[in-house]
Amino acid sequence: MVTPMAAGNSATASQPILSVRGVAKAFGGLQVLREVSLDVPRNGITGLIGPNGSGKTTLFDVITRYQNCDAGEISFAGQSILPLLPHQVSHRGLVRTFQLTRVFPGLTVAENLLVFADRAHPRGKDAADTRPHGEDKAREMLDFVGLLRLATHEAATLSYGQLKLLEIAQVLMLDPRMLMLDEPMAGINPGLADELMQRLLALRERGLTLLIVEHNIPVIQRLCDAVAVLNTGQVMAHGKPDEVLGDRDVREAFLGE
Amino acid sequence: MTDISAPPTALARPARLRGRGIADAGPVAGGLAALLLAAAAALPLLPGISFYYLQIGILVFWFAMLGTSWSVAGGYGGMHSIGNATFVGLGAYTSTLLYVDFHLTPWLGMAAGMVVAALTALLIGYPCFRFGIRGDYFALVTVALGQVAYEVANGATAITKGSQGVPVPYAATPSALDFQFGNRTQFYYVAMAIWLVTVIVAYRVRRSHFGFQLLAVRDDEIAAARGGINAPRRKLAALALSAALTASAGTFYAQFILFIDPASVFGITLSVQIVLMAVLGGMNSYLGGIVGALILVPASQYLSTTFAAHPGVDLASYGVVLVLLTIYLPYGLLGLLRHAPRWRSVIGW
């Protein structure tokens, strides 16, 4: 199997993998998103920052179809995903984590990954395909997040930080083309956060596209190729991290300076 | 797809990530289980065993079937139905009416009843799952379903004879084709066989990828959808299967008692008893039904004979047991084993 980057011709490679156009969403009288437009380029890490309540999680929910939007268009890999249901979005290769971790508490740690074993590199006809399948992949992911020794424990017994790691292992098990992470570093100890960042950078090298909501500025600076700032339901800035984070309006809105 | 995994590395293999099911029981526990089954099979052969005890044995198997069938939707899929008597009644009435009116063998009637029950489950389940009715609200819907089914069975006298009930006519000579047997011993083995089939189906479902996904849906539908699982579809399939299995027990009941009326097969008491079997035994396990039935059926027989002068005491005790269970033993007896990886795998938690 080849990566989309290697397979795609230059025309598709230059197109954004995710394109959000004029998306609006209101909850009752509260206009959470107003005309949000955002392009996420293939094979890179885009940061999404903004003050609390600026609409970041709602934007995630709308993109992954857990919420309907009132107006606008969203396309992934050149096709509209608005007609899809959340599980269909997942099958297109667009996968997200949740700010409040979501895993399966009644299953064991290992089962939380094994339930998606069918999606971890389905065994193809290519005999040369040596990537880990099913259980091997689950083992590798658990080892990566340091949960292998807890593999047979019920997920309900894990701490918050461990649940966070389990969720990340779970989404990686799904073999996504694009991963949307909602505050992945929150509640994870510094050493592990550092390791996670290295892993995310390695994933990008392998052709994965990431969109990350994060409040930690050093994390954004280290990881991201581009940053978009969401404020009061609109994208107020979008560009290279240093430029965006140096912008006076951004610093005022986001950092309170 | 993008390759996002690191190159294969030599990893320590601390343990199997997933249990092997009953194969994990080992020779001792496995042998013990086989011995118990053999003992159950030998029970009718005990010299001088009374009618009464065989009857209790049959009822244990019957309630165990119902408890395990309930678990397929309730335990695996988190759909806590308090209306499963509906499916018992549909099974009992479908086969009985087909037998009485069209002389169709109750075995085919059983299959027809299973289809009717499964379709009813789909009819109720579809709008529920489409519009996100789950948890307590789903339980309430099933209570309502049970009441509606009961009233319809009572009211549609042209078809069901209403509260008079329907006697199943004796075959001139008892024959297996008529689902009628000369003695209780044969009924005992039929009950045991149907129970075994139910348990095997429930076990196979639990071990299947579908069963695995169902547990995920039970725990978190949103996370399941994130992983590409179509939650409503999994729930519908489980509910239909659970209803069909339950309906087969309904046919058995009709042929065993040879009389059905709305109160006995559509009543809410039965619905509550079914839940109790599964909850006491451990609703997540395919064995919860038999564990619950082994305790509750003899207990209720004892209570109802001891307090024969005070009708209702045995039923009131069900309520007390349910309250105590939810407080002190929410995962049931088998749930006590759930933190031991080996037993967790054996009981299919």
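Residues numbered from 1 in each chain as written. Chains lettered and ligands numbered in written order. Predicted model: local features only at pLDDT ≥ 70, side-chain atom pairs only at ≥ 80, totals over all residues. Heavy atoms only, no water.

## A word on helix α3 (residues 56–63) of chain A
Most of α3(A) is tucked away: seven of the eight residues are buried. The complete set of buried residues in α3(A) reads K56(A), T58(A), L59(A), F60(A), D61(A), V62(A) and I63(A). (Buried < 20%, exposed > 50% of the residue type's maximum accessible area, 1.4 Å probe, protein only. Helix = DSSP H or I, 4+ residues; strand = E, 2+ residues; numbered from the N terminus.)

## Remarks on the sheet that holds strand β1 (residues 16–27) of chain A
Whenever strands of a sheet pair, they do so through backbone hydrogen bonds, lying parallel or antiparallel. Residues and elements named next belong to chain A. Reading across the sheet, the four strands line up as β2-β1-β4-β5 and stay open at both edges, with antiparallel pairing between neighbours. Of all strands in the sheet, those bounded by a partner on one side alone are β2 (30–41) and β5 (79–80). Contacts between α3 and the sheet are confined to β1, β2 and β4 (71–76), with β1 contributing the most and set at about 115° to the helix. (Pairing = 2+ DSSP bridges. Contact = heavy atoms within 4.5 Å. Axes fitted to C-alpha atoms, helices over the stretch in contact; angles between N-to-C directions.)

## What to know about the layout of surface pockets
If you add up the space inside the largest pocket, you get close to 1,100 Å³. For the lining of the largest pocket, the secondary structure elements donating two or more residues are α1 (26–42), α2 (51–77), α7 (184–207), α13 (288–306) and α15 (341–347) of chain B. Among the elements that take part in the lining of the largest pocket, α1(B) stands out by supplying nine residues, more than any other. Considering only residue class, the lining of the largest pocket consists of 32 nonpolar, two polar and no charged. The calculated volume of the second largest pocket comes to roughly 770 Å³. Lining the second largest pocket we find 26 residues, and of these L85(A), P86(A), F129(B), R130(B) and P232(B) sit closest to its centre. In terms of residue count, helix α10 (residues 231–257) of chain B provides more of the lining of the second largest pocket than any other element does, four residues in total. Of the residues in the lining of the second largest pocket, the class split is 14 nonpolar, five polar and seven charged. (1 Å grid on protein atoms, 1.4 Å probe; cavity = no way out; pocket = protein on both sides within 12 Å on 5 of 7 lines; lining within 4 Å. Points joined across faces, edges and corners; volume = space filled by probe spheres on them. Nonpolar A, V, L, I, M, F, W, Y, C, P; charged D, E, K, R; others polar.)

## Some remarks on the side chain of K164(A)
All names here are of chain A. Turning to its location among the elements, K164 is positioned in helix α7 (residues 160–173). E167 provides the closest opposite charge to the buried, salt-bridge-free K164, at an N-O distance of 5.8 Å. Ignoring sequence-local partners within four residues, the contact set of K164 consists of Q99, T101, D182, E183, P184, A186 and I188. (Lys, Arg positive; Asp, Glu negative; His and termini not counted. Salt bridge = Lys/Arg side-chain N within 4 Å of Asp/Glu carboxyl O.)

## Description of empty space enclosed by the protein
Taking a probe equal in size to a water molecule and rolling it over the atoms shows the remaining empty space. All names here are of chain B. One pass over the structure, following the stated rule, counts four cavities of 30 Å³ or more. Volume-wise, the second largest cavity comes out at about 40 Å³. Looking at the second largest cavity, the residues that line it are S81, N84, F87, A121, I124, F138, T142, L145 and L239. Secondary-structure elements contributing two or more residues to the lining of the second largest cavity are α4 (106–130) and α5 (136–155). It is α5 that provides the largest number of residues to the lining of the second largest cavity, a total of three residues.

## Some points on the domain arrangement of chain A
Residue and element names in this part refer to chain A. Structurally, chain A comprises domain 1 (18–100 + 177–255) and domain 2 (104–157). Each of domain 1 and domain 2 has a C-alpha centre, and the two are 26 Å apart. Contact residues are listed per partner, giving five residues for domain 1 and four residues for domain 2. Here domain 1 and domain 2 share one salt bridge between them. One salt bridge in this structure joins E140 and R199, with 3.5 Å as the shortest N-O distance. If you look at where domain 1 meets domain 2, you find one residue pair in polar contact (both at pLDDT 80 or more). With three residues, helix α8 (residues 190–205) is the single largest residue contributor to the side of domain 1 that touches domain 2. (Domains from an automatic or database assignment. Polar contact = N/O pair within 3.5 Å; in protein donor to acceptor, adjacent residues only side chain to side chain.)

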